[in-house]
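A structural walkthrough
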Amino acid sequence: MEQLDALAAELGERLKAERQTVAVAESSSGGLISAALLGVPGASKYYLGGAVVYTGKARMVLMDLPREAVAGMRSASEPYALLLARTARERFGATWGLSETGAAGPTGNGYGDAAGHTCIAISGPVEMAVTLETGESDRAANMMAFAAAALELLKRAVG
């Protein structure tokens, strides 16, 4: 958690200095992205809210994205991650939407992705999506790696 805390502290300072805000929609990182961002004193200046969108039901209830909105889209894909990031940004009125969706392990997901696969996206003044493959089956290590990669992606964009 120390790595996440350090990343979040630096990112939080940048967001505050730029007067920018973030909303998060995360899945297989299980809330670690939000926890890291909220662990920084003064987080209320930049963190507007977030959701752990771990299931289809959570996607519908928490993000108001019905099945039709994601028709033909795999959940652990860059297009889906971008959709989540855009939706989080729009719903919260944030400068940035940050999302993560993947397979933490120890096994892969039902879409054929191996453990250690995730897609991360940001939506805001710029949009980016990346895919990360850790090659590991360790659930906790993957969750940490996914959260760190998400914070790093946002840090580069805010930079």
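The following refers to the structure shown. Please read all numbers here as calculations on a predicted model, not as lab measurements.

The next thing to look at is unusual backbone geometry. Across residues other than glycine, the phi torsion is negative in most instances, and most of the peptide bonds are trans. Cis geometry is adopted by the peptide bond preceding Pro106, which originates at Gly105 and carries an omega value of 10°. Located in the positive-phi region is Arg19, a residue other than glycine, with phi close to 55°. Mapped onto the fold, Arg19 is located in the loop between helix H1 (2-18) and strand E1 (22-26). Arg19 sits in the exposed class, given a relative accessible area of 79%. Phi is positive for Asp64, which is not a glycine, with a value near 55°. Along the chain, the position of Asp64 falls in the loop between helix H3 (56-63) and helix H4 (78-92).

This model, assessed by the stated rule, comprises eight salt bridges. Where Arg74 meets Asp113, a salt bridge forms, and the shortest distance between an N and an O atom there is 2.8 Å. Within this pair, whereas Arg74 is found in the loop between H3 and H4, its partner Asp113 is found in the loop between strand E3 (96-103) and strand E4 (117-123), the two being separated by 39 residues in sequence. In this structure Arg74 comes out as partly exposed when scored by relative accessible area, which is 33%. The network of salt bridges with shared partners includes Glu10, Arg14, Glu152 and Lys155.

Two strands pair when backbone bridges link them, and E1 and strand E2 (residues 47-52) are joined in this way by five bridges, in the parallel orientation. Note that in E2 the partner of Val22 across the bridge is Tyr47. For the crossover that starts at E1, traverses helix H2 (residues 32-38) and ends in the parallel E2, the hand is right-handed.

Moving on, we come to H1. Helix length check: H1, at 17 residues, gives a terminal C-alpha distance of 24 Å against a target of 24 Å (1.5 Å per residue), a fit within 8%. Of the residues making up H1, those classed as buried are Leu4, Leu7, Ala8, Leu11, Gly12 and Leu15. Down the axis, H1 shows its buried residues gathered within 135° of arc, on one side only. For H1, exposure combined with an orientation more than 90 degrees from the buried face picks out Glu2 and Ala17. Next to the buried residues of H1 lie E1, H2, E3 and helix H5 (139-158). Just beyond H1, the residue with positive phi is Arg19, at close to 55°.

One way to put it is that H1 packs onto H5 with a least axis distance of 10 Å and a crossing angle of 25°. In terms of orientation, H1 lies roughly parallel with respect to H5. With respect to the hand of their crossing, H1 and H5 are arranged in left-handed fashion. Seen from H1, the contacting residues are Gln3, Leu4, Leu7, Ala8, Glu10, Leu11, Arg14, Leu15 and Glu18; seen from H5, they are Met144, Ala147, Ala148, Leu151, Glu152, Leu154, Lys155 and Val158. Per-class residue counts for the contact of H1 with H5 are eleven nonpolar, one polar and five charged.

Now for the sheet that holds E4. Sheet strands pair by backbone hydrogen bonding; their relative direction is either parallel or antiparallel. A sheet is described by the order of its strands in space; here five strands give the open sequence E2-E1-E3-E4-E5, paired in mixed fashion. Looking at which strands have only one partner, the edges of the open sheet turn out to be E2 and strand E5 (127-133). For this sheet the average axis-to-axis angle between neighbouring strands, irrespective of direction, equals 10°. Pairing analysis gives seven bridges linking E4 to E5, with the strands arranged antiparallel. Paired with Ile122 across the bridge in E5 is Met128. Against the sheet, H4 engages E1, E2, E3, E4 and E5, with an angle of about 40° to E4.

Cut-offs applied
Residues numbered from 1 in each chain as written. Predicted model: local features only at pLDDT ≥ 70, side-chain atom pairs only at ≥ 80, totals over all residues. Heavy atoms only, no water. Helix = DSSP H or I, 4+ residues; strand = E, 2+ residues; numbered from the N terminus. Buried < 20%, exposed > 50% of the residue type's maximum accessible area, 1.4 Å probe, protein only. Salt bridge = Lys/Arg side-chain N within 4 Å of Asp/Glu carboxyl O. Pairing = 2+ DSSP bridges. Right-handed = clockwise from strand over helix to strand, strands pointing away. Expected span 1.5 Å × (residues − 1). Arc of directions from axis to C-beta. Contact = heavy atoms within 4.5 Å. Axes fitted to C-alpha atoms, helices over the stretch in contact; angles between N-to-C directions. Parallel < 35°, antiparallel > 145°, perpendicular 65-115°, else oblique. Left-handed = near helix turned anticlockwise from the far one by under 90°. Nonpolar A, V, L, I, M, F, W, Y, C, P; charged D, E, K, R; others polar.

None of this, on its own, says anything about what the molecule does.
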